[in-house]
Amino acid sequence: MVKSTKKKRRNGVLAYFMEKLVSENVITQNTLKLIKECNTFMVMVADESMEKKKQHKGNTCKNRFCPICAWKKSRKDALALSVMMTYLKQEENKEFIFLTLTAPNVQAEELEDEIKDYNHSFKKLMERKEIKKIAKGYARKLEITYNQERDDYHPHFHVLIAVNKSYFTQTAQYISRDRWLELWQEVTKNPLITQVDVRKVRNGRDDKVYEIAKYSAKDSDYLINQEVFEVFYKALKGKRLIVFSGLFKEAMTKFRNGELDAYKEKDVTKYVYAIMYNWGGKKYIELEKRYLTDEELEEINSKLIDEKEVD
């Protein structure tokens, strides 16, 4: 409830900034209405002690800039990523490396072109012979951060790459951090790049991996003021933020089809209560608390977990 309340308050800031885009005919009144009404009604389910709660229902706007919907999507993406990694490790005998590709920060007017250059450069990187040899698939996420002191923007890629286990033991396959940097400088044609980060993902997962599931932009960045928001909005609107290729693309198809459900955990909590809330402007107000019906008990309990915490 604390996080839901915080995100809903930030949603109000988004709606305020969006109003100008309505007046400029960038978005419609209906889009703005959906954003304002997002998660104004919510049903939580809870166990007997009221210590364990989760959201069961709620109205959503599904706008990628909505703090509530972006948070919920990141939790679902985290689960999908975790399940796919487990599947690829167990069934395809793969290991993973986590790569972060950066470049110097850019000004607002350069951001859109910089993202296009990133996409083009990444495509060239993955077509390099030595990369094609080791990469069996990848999940790639675009993230943009904002530096308020310098008033500039930092787009970068987080990339999770599936590799054979032999990658870490055979010198002919292994690519050092310095070589990754050299390759990235070459494809971007930018010798000013001084940093890339690459590491082995330990035990099939790593906290850094969830950078891929997290937000492409933090609402604490893009909701600083109207001007910054519009830079983010223009740069990210319509962009593919997370991309799957190779084994990860195949695994995502299986995940969506329910073929990887065996790798999901079951929610062992016994939920007994339903609690209805309405948004009261500054906080959620409890309207009703009741026992779940027999049908609801069967619908909600002993089901597979469909999201993971990423905050």
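The structure we're discussing is the one just above.
So, here's what we can say about the structure. (Residues numbered from 1 in each chain as written. Predicted model: local features only at pLDDT ≥ 70, side-chain atom pairs only at ≥ 80, totals over all residues. Heavy atoms only, no water.)

## Some thoughts on the packing of aromatic side chains
Okay, step 1: Scanning the entire structure with this criterion turns up 20 aromatic pairs.
Okay, step 2: Residues tyrosine 118 and tryptophan 184 carry aromatic rings whose centres are separated by 5.7 Å and whose planes lie at 70° to one another, so their mutual orientation is edge-to-face. In this pair, tyrosine 118 is assigned in helix H4 (residues 111-126) and tryptophan 184 in helix H6 (residues 177-188), connecting sequence segments 66 residues apart.
Okay, step 3: A relative accessible area of 2% places tyrosine 118 in the buried class.
Okay, step 4: Residue classification places tryptophan 184 among the buried positions, given a relative accessible area of 0%.
Okay, step 5: Here the aromatic cluster, defined as three or more aromatic residues joined through ring pairs, consists of Tyr16, Phe17, Phe65, Tyr146, Tyr153, Tyr222, Phe229, Phe232 and Tyr233.
Okay, step 6: For the cation-ring pair, lysine 200 lies above phenylalanine 168, with the distance from its terminal atom to the ring centre recorded as 4.6 Å. (Phe/Tyr/Trp six-rings, centres within 6.5 Å; stacked < 30°, edge-to-face > 60°. Helix = DSSP H or I, 4+ residues; strand = E, 2+ residues; numbered from the N terminus. Buried < 20%, exposed > 50% of the residue type's maximum accessible area, 1.4 Å probe, protein only. Lys NZ or Arg CZ within 6 Å of the ring centre and 35° of its normal.)

## A short note on the pairing of strand E8 (residues 271-279)
Okay, step 1: In terms of burial, E8 is largely enclosed, as eight of its nine residues are buried.
Okay, step 2: As paired strands, strand E1 (residues 41-47) and E8 are joined by seven bridges and run antiparallel to one another. Opposite alanine 46, over in E8, you have tyrosine 273 as the bridge partner.
Okay, step 3: With seven bridges joining them, E8 and strand E9 (residues 284-291) adopt antiparallel strand pairing. In the sheet register, asparagine 278 faces E9, and the bridge partner there is isoleucine 285. (Pairing = 2+ DSSP bridges.)

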